[in-house]
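# Chain and residue survey
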Amino acid sequence: MDALSEGNRLAAENRLKEILTEAVTSKHLEESFAGFLLPSEEINKQNFNTIYNELVQFWQSKPAGLYDSMMKVFVSVLHSQKNAILQKTLTDLLKSLVDNNIISAKLVCETLLTSEKLSYSNPEVWCYTLKLVRQLVGGAGYKGCRDCLRFLLEHTQTIPVSDNVSAKRLLNVVYDVISYILDRKVCLLPSYFAVNEITKLFSEDRPWPHWKFGQLLADFVQSFRPAAQMVTVCGRSKLVPVVGHSISSSNVWRLNTNTLRFTLNGPLPYDKELSEPQTMLLRYVLEQPYSRDMVCSMLSLNKQVKLRCSVLEEQLVNLVVVAMERSEEEDLTETALEGIDQLWQHLSSQLIFFVLFQFASFPHMVLVLYEKLKSLKLRRGRDYLMWILLQFISGSIQKNPLEDFLPVMKLYDLLYPEVDMIAVPDINKPLCTLKMAATCIWIHLSKKALGEKVPLQRPVPRALTGHIDFLKQCLAIKTLTMSDYKIALLCNAYSTNSDYFVPPMTVFVETIYGNTQKTTLLPGNVSAFAPTQPLAMDMLDSLTVHAKMSLIHGIVTRVIRLAQSKQAVALAPALVETYSRLLVYIEIESLGIKGFISQLLPSVYKANAWGTLHTLLEMFCYRLHHIQPHYRIQLLSQLHTLAQASQTNQYQLYLCVESTALHLIMGLGSWEVQPQLSRMFSEPKAINLLSSESEELNRAMVLTLARAMHVTGSESFTSTWCKDVLTSIMNYTPHSWSSHTLACFPPALQEFFQHSMPAREDKSVLRRNVETEYRLWKSMATEQDLISHFSTPTSPALFICVLWKTLQEDNRIAPMAYKVLERLGPRALANQLRTFADYLVFEFTGMGQQVNKCVDSLNDLIWRCSIVPLDRLVLCLALRSFEGSEAQVGFFIIQLLLLRNLEFRNRVADFVKENSPEHWLQNNWHDKHMAFHKKFPEKYYFEGVVDMAQQQQPQYLPIYFGNICLRFLPVFDIVIHRFLELPPVSKSLENLLEHLGTLYKFHDRPLTYLYSTLHYYEKKLKDRPSLKKKLVAAIIGSLKDLKPEKWCLTDDYLLYLQQTQAPEESSWVPDQDYYIRLIGRLVDTIAGKPAFPSFDWRFNEFPNQAAHALYATAIELMALPVVSHVVGRALFDIILKGMILIPRDKIFAWMNAIGLVVTSLPEGYWIVLNECIMEAIVDPHLSNAGKWSNPFQMFNFNASHQVLGEVTYSYVLALCHAVWEHASIGQLSQITAFMKESLKPIVQTEEQFLFVCHMVGPFLQRFHLERTRCMLEVTVELYEMLEKVDRSVENLRFMDSISDFLYHIKYMFVGDGVKNEVEKVIRNLRLPLQLRLQFISHHSKDESASVGSAQM
């Protein structure tokens, strides 16, 4: 078949040559007898027609597959002619064939332009060919015109730049064709295609063509400036995120891995500042604690792919130089000094992480650092620098060749030029380990050189010889103590030399391990190894990463060994506390938290070491900070699996597992919920995040999901994963919700539960069943019958109800109840508790004088008999779905349980008074812990029911940290929320906060909880300022003795809290200066100016100061006694009315801060921006057509602000961009409804439409990536607005820019997604606009791909 096709092709080409040769030959004969023949026009025409008809007949007889090769033959014959008459004849034939649609103009033009003989050095062929192309290109179609333009531009690159006016004819002919194709009025192709071809060929790194075409092409590219402006965020390069908050890890901040440039879509001429490397943005993020995940997200770095990132290396080095410069400053405040310490500490962690995963090269960084420091006289920070280098060197020098570390030698010459020896530092202070870091590095290098048998290039620096001699003297000490830092120095210097490393590390180990010869007691008379004082944080901070890794490895190995040996003696409190402190170091994550979750917990569970497991879960609840979400989710999945195991059906362990799971669920951040829960159905390995039996845990998950959807602005958004989670929950634990709780749910959750809730139980039936069971309990003759009936799995879950009635009647419980409870086990008891909660409410409803007796019996059940844990009962009561008066009764019972009886109140008061949550600063936690448990012993095995002397003593599991107060905190979180949902019980909530609010001193995330509460219940609290004030005073006030002044609230708000009159009567109405001071505090914090006291962020609920400042600001704004609308307007007015009070060079910093704050607040605050937008749109300058000669200048805030030419609506536009840049996709999705319902009715003029395009254009990319449906809806709204404007105005002055913008949307984002809707609109537009938009509906995937290849 191929041979046959080839034969047909050759035959066709030969026949075409014959026809053309015959035509040319006849002309040659006429020329030969030119002096004897009189040319006749009629004869010439006849001859031409004969040849033409023969060509037509021949061409039409051939298949289309041969057209390309046949046209090449035609062009080859044409270009081989030297005679002008013959050239004209052949070109006329071609033109006629095209004019009569025998041959496509596209084929002719492309073949002509790709001919080998078409060359600038062949002037005649060049001229007549391009003239023919000029005549035919109009019929080539828009794709053909695009290809022709590309060929022409490629030809212009062959024209020598030195050619001058003497080549005018050659230059003009190609200039005419290009200018004709680019003519916007002719509209041969989408101008977007043309600019795409130009920018591909003449990018920044390629030279522009001959000067004849430079201006033409430059002007054409510059005509797309308005379109580029419409899709650019104002001041984008000056906006920064807050690490650890909201969308800080999203695509918004993504940079090119190699160039650090923003990803810019399409071939548009963006402003230069957007095309430049965003080094300041990366450096700002790098400098923030706990930013490594965001840096990886920004630069698309994957831990699984070892990819060196040179731009990251450069910025790490620059940060080190910055730290050196800051260390050089004099007269620093204490806060500034702490900040410098923390910066170096953070840099150490960053260096280890990025070099460890091979994103940065250590020797290259050291060499670059040396070159930078060589020209700077920086000495004060040298010890810090050598300390962070030591961190990496000590841990990696054994696995890497010596040559990787030799560049450090250069730094010795630079930083330690002293001729005299440096004095040995005071070894009683932790600072000595920094001052001797350089010496430790030298010792490691010497050891490595000795091992590789390579001599070092130089002797020991004279300045360090005293330090080395001192360390050698320390090695000779036989008995080392923990009284100073000699041990740390030895560990740091000799961690790669086992002979010298083991003795000092052994001292550490023996200090915290203990031995069987000496024990101490834990609550429940559990014996534990004796050491109770952990290693101090100063001591741990003084150890290198390598030393810490050795220590933590030893601890984990010991814990596993003890777990496997079934050791009766529990772990030493000092070991447990030290281990928890070591887990805070993220630079040892692989042996730290990763080993904890993936290795230690499974090993302990496998060994059935329930005491050790209980210890580890306590650690996780009460000691660990900043654990990454995937580790917490992994633990939650393990806990749900563990809860189903028969071995864990032990009361104390089961309670611990449930409490830990509740702690994990309630602690999920609002921005973590969707990514983590969606993993249940997206990952191949099943992750079980839901409980198959605990209704309370699943209810807590629903509440967390509702809160997350609200805070992230996704209330109106439903997705498959969310429905799957809810469906799974209802399959596991069917339940219903109270109407007042449902009313607070996002619409999607409301709708789901309204259609999925099971029928409610009839309370009269429950009461009858309890009476029946109670009579059986009183009437059964034998103990065996009682135990058998009440403990069988099929019996009604009413035993606790029976016991409660027994207490009311007899004030005691028969000892046989102990055996029933023991047989039931904690899982069955949990189900009994739910029924008991319902029964309590039914019984209390309408009860009169008997309430006191019932409450006393209930308290006896909890405290005297130890049958029902207080926190579990309150949790059940708070989560039951009572309605109306029954709901109020349920809350009344909770209040009675917590406040009427002094048992719990006394425990809270004593615990809060005697203990501090700053466990990392304490060395006597164990003593205070034991004192509390001796005063308030906790019982898990119903010791109050029976005389335990007559029973086998229950084996308690070791308790190192927990107690009823700490266990109650996540329950208290839920209780407060439930009380907030029902306004009639507000007074009860205030009483709870007044008496128990101090417990929030021990909450691990008090500000986050307060923020979520004020955010989620904003509508419930907006008319209850007194309750808001009480909430803030209780939670933040609980920390007043721990935190320094001005750690959270402003002086203005603190004065408001001190006012005794009700907020409704308060005269305080914050003025504009207040809002400026409040936002200014955040601006300064983000800029690196300490506006807050310094914290040790490793143990803080927030990862850095900017996150702390943002949440503190949001909390204060939501807690103001002012409605959200007024607060929102005041925030925007800082820019719109108070711009004169803001330094002009800081305007974007203020807009950035306002954007961060506003998007962190509920909808009622940031929705005010929509009003500002509408006010700007109806501004006379926009509503009156033609008011401005060039509105694009007015909309360009950057340019106008520099020349003091900005106007109100340009401020609105820039502010809008700053807010939406920080908005979540849920918040951003509301743009569609805003455009449709509010903007479209009022947009009448071209200027208004352009304002809207500027407003939404920059966010089309996010819609495209994160919410395609909204992308399509926004596009349709834009077209419908354009149609309305087209009908409203007489002249459209910026049709080209509007068309460019719409083509950009088509080819970059929507493709054919809205083709049908758009075509209907285009048909109704004026003809010139129709002409420009005629190609909108002509689309294929190839077109988008070709344009997309030009993305920068």
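As shown above, the structure is provided for reference.
Now for a look at the structure at hand. (Residues numbered from 1 in each chain as written. Predicted model: local features only at pLDDT ≥ 70, side-chain atom pairs only at ≥ 80, totals over all residues. Heavy atoms only, no water.)

A tally of helices and strands in the protein yields 71 helices and 2 strands. Projected onto the principal axes, the alpha-carbon positions of the protein cover approximately 145 × 85 × 75 Å. Burial statistics for the protein: of 1352 residues in total, 60% are counted as buried. The contacts in the protein between residues at least 6 apart in sequence include a share of 80% that link residues at least 24 apart. By element, 51% of the accessible surface of the protein is carried by carbon and sulfur atoms, the whole surface being about 54,300 Å². Placing the 132 positive and 136 negative side-chain charges of the protein at their respective mean positions leaves the two points 3 Å apart. (Helix = DSSP H or I, 4+ residues; strand = E, 2+ residues; numbered from the N terminus. Buried < 20%, exposed > 50% of the residue type's maximum accessible area, 1.4 Å probe, protein only. Contact = heavy atoms within 4.5 Å. Areas by Shrake-Rupley, 256 points an atom, 1.4 Å probe, with all protein chains shown as cover. Lys, Arg positive; Asp, Glu negative; His and termini not counted. Charge placed at Lys NZ, Arg CZ, Asp CG, Glu CD.)

Summed over all chains, the structure comprises 60 salt bridges. Its salt-bridge partner being E287, residue R326 comes within 2.7 Å of it at the nearest N-O pair. Of the two residues, R326 is situated in helix α15 (residues 310-328) and E287 in helix α13 (residues 279-287); the sequence distance between them amounts to 39 residues. Of the charged contacts in the structure, one is a salt bridge between R1129 and E1171, with a shortest N-O distance of 3.7 Å. Of the two residues, R1129 sits in helix α55 (residues 1124-1136) while E1171 sits in helix α58 (residues 1168-1177), which places them 42 residues apart along the sequence. On the basis of relative accessibility, which here comes to 19%, the residue R1129 falls in the buried class. (Salt bridge = Lys/Arg side-chain N within 4 Å of Asp/Glu carboxyl O.)

What follows deals with the pairing of strand β2 (residues 526-529). Bridge count between strand β1 (residues 519-522) and β2: 4 bridges; the pairing is antiparallel. What sits directly across from T519, in β2, is F529. Count of turn residues in the β1/β2 antiparallel hairpin: 3 residues, of which G524 carries a positive phi of about 85°. (Pairing = 2+ DSSP bridges.)

We describe a pair of aromatic rings using the distance from one ring centre to the other and the angle between the two ring planes. Applying the stated criterion across every chain, the model contains 62 aromatic pairs. On the numbers, 4.9 Å between centres and 45° between planes, the contact of Y142 with F1335 is tilted. Placement of Y142 in helix α7 (residues 141-156) and of F1335 in the loop between α70 (1327-1332) and α71 (1341-1348) is noted, with a sequence separation of 1193 residues between them. For the pair shown, Y142 and F1335 are each scored as buried. One aromatic cluster is present, formed by Y142, Y192, F193, Y1303, Y1307 and F1335 through successive ring pairs. When the ring centre of F151 is taken as reference, the NZ or CZ atom of R150 above it lies at 5.5 Å. A cation over a ring is seen here: R699 above W737, with NZ or CZ 4.8 Å from the ring centre. (Phe/Tyr/Trp six-rings, centres within 6.5 Å; stacked < 30°, edge-to-face > 60°. Lys NZ or Arg CZ within 6 Å of the ring centre and 35° of its normal.)

A few words on the side chain of E773. The residue E773 is located in helix α38 (residues 763-779) in this model. We note that E773 is buried and unpaired, the nearest opposite charge coming from R775 at a distance of 9.0 Å. The contact partners of E773, leaving out residues within four places of it in the chain, are H789, F790, P796, L798 and V802.

The subject of this paragraph is the packing of helix α29 (residues 610-622) against helix α30 (residues 629-643). The contact between α29 and α30 brings their axes to 13 Å, and the two run at 145°. Crossing angle aside, the handedness with which α29 passes α30 is left-handed. Each of W610, L613, L617 and F620 in α29 lies in contact with α30, whose residues at this interface are R632, L635, L639 and L642. For the contact of α29 with α30, the residue count by class is 7 nonpolar, no polar and 1 charged. (Axes fitted to C-alpha atoms, helices over the stretch in contact; angles between N-to-C directions. Left-handed = near helix turned anticlockwise from the far one by under 90°. Nonpolar A, V, L, I, M, F, W, Y, C, P; charged D, E, K, R; others polar.)

Along the chain, the position of R146 falls in helix α7. Assessed through its relative accessible area of 12%, R146 is described here as buried. Linking R146 and Y192, residues 46 residues apart in sequence, is a C-alpha distance of 9.9 Å.

This part takes up the nonpolar core. Grouped together as the largest cluster of nonpolar side chains are 518 residues, with contacts concentrated most on F596, L861, I1173 and W1220. The element best represented in this core is helix α41 (residues 816-844), accounting for 14 residues. Beyond its immediate sequence surroundings of up to four residues, L861 is in contact with I800, L803, W804, L807, I813, F836, S866, I867 and V868. (Core = buried A, V, L, I, M, F, W, Y, C linked by side-chain atoms within 4.5 Å.)

Attention now moves to helix α23 (residues 486-494). Of all 9 residues that make up α23, 9 are buried, and the element is covered over most of its length. Along α23, the residues classified as buried are K486, I487, A488, L489, L490, C491, N492, A493 and Y494.

Moving on: the packing of helix α34 (residues 695-711) against helix α49 (residues 1006-1016). Their axes nearest at 10 Å, the elements α34 and α49 cross at an angle of 75°. It follows that α34 is roughly perpendicular to α49 by the angle criterion. Where α34 abuts α49, its residues A706, R707, H710 and V711 lie against Y1011, S1012, H1015 and Y1016. When the residues that make up the contact of α34 with α49 are grouped by side-chain class, the tally is 4 nonpolar, 3 polar and 1 charged. (Parallel < 35°, antiparallel > 145°, perpendicular 65-115°, else oblique.)

A positive phi angle is found at K453, which is not glycine, with a value near 55°. With respect to the helices and strands, K453 occurs in the loop between α21 (437-452) and α22 (465-475). On the accessibility criterion, K453 (77% relative accessible area) is exposed. Residue H626 is not a glycine yet carries a positive backbone phi of 55°. Along the chain, H626 falls in the loop between α29 and α30. Exposure remark for H626: the relative accessible area of 25% places this residue in the partly exposed category.

Here the focus is helix α48 (residues 986-996). Within α48 the residues assigned to the buried category are S986, S988, L989, E990, L992, L993 and L996. In the core, the buried residues of α48 are packed alongside α44 (884-900), α45 (902-914), α47 (964-980) and α51 (1025-1037).

The next point concerns the side chain of H1254. Position of H1254 among the secondary structure elements: in helix α65 (residues 1246-1256). On the basis of relative accessible area, H1254 is assigned to the buried category, the value being 1%.

This brings us to the environment of V1032. Inspection of the secondary structure assignment puts V1032 in helix α51. Looking at V1032, the relative accessible area reads 0%, which means it is buried. The sequence separation of V1032 and F844 amounts to 188 residues, and the corresponding C-alpha distance is 32 Å. With residues up to four places along the chain from it excluded, the contact list for V1032 reads L1010, L1014, G1037, L1049, Y1053, L1057 and A1119.

Taken as a whole and judged by the stated rule, the model has 0 disulfides. Cysteine C296 shares no disulfide, and the gap to the nearest cysteine sulfur, in C309, comes to 9.6 Å. Unpaired in terms of disulfides, C491 finds its nearest cysteine sulfur in C440, a separation of 10 Å. (Disulfide = S-S within 2.5 Å.)

Structurally, R15 is set in helix α1 (residues 2-32). Residue classification places R15 among the partly exposed residues on the basis of a relative accessible area of 32%. Placed 956 residues apart in sequence, R15 and V971 show a C-alpha to C-alpha distance of 93 Å. In terms of polar contacts, R15 uses its side chain to reach the side chain of E54, at 2.6 Å. (Polar contact = N/O pair within 3.5 Å; in protein donor to acceptor, adjacent residues only side chain to side chain.)

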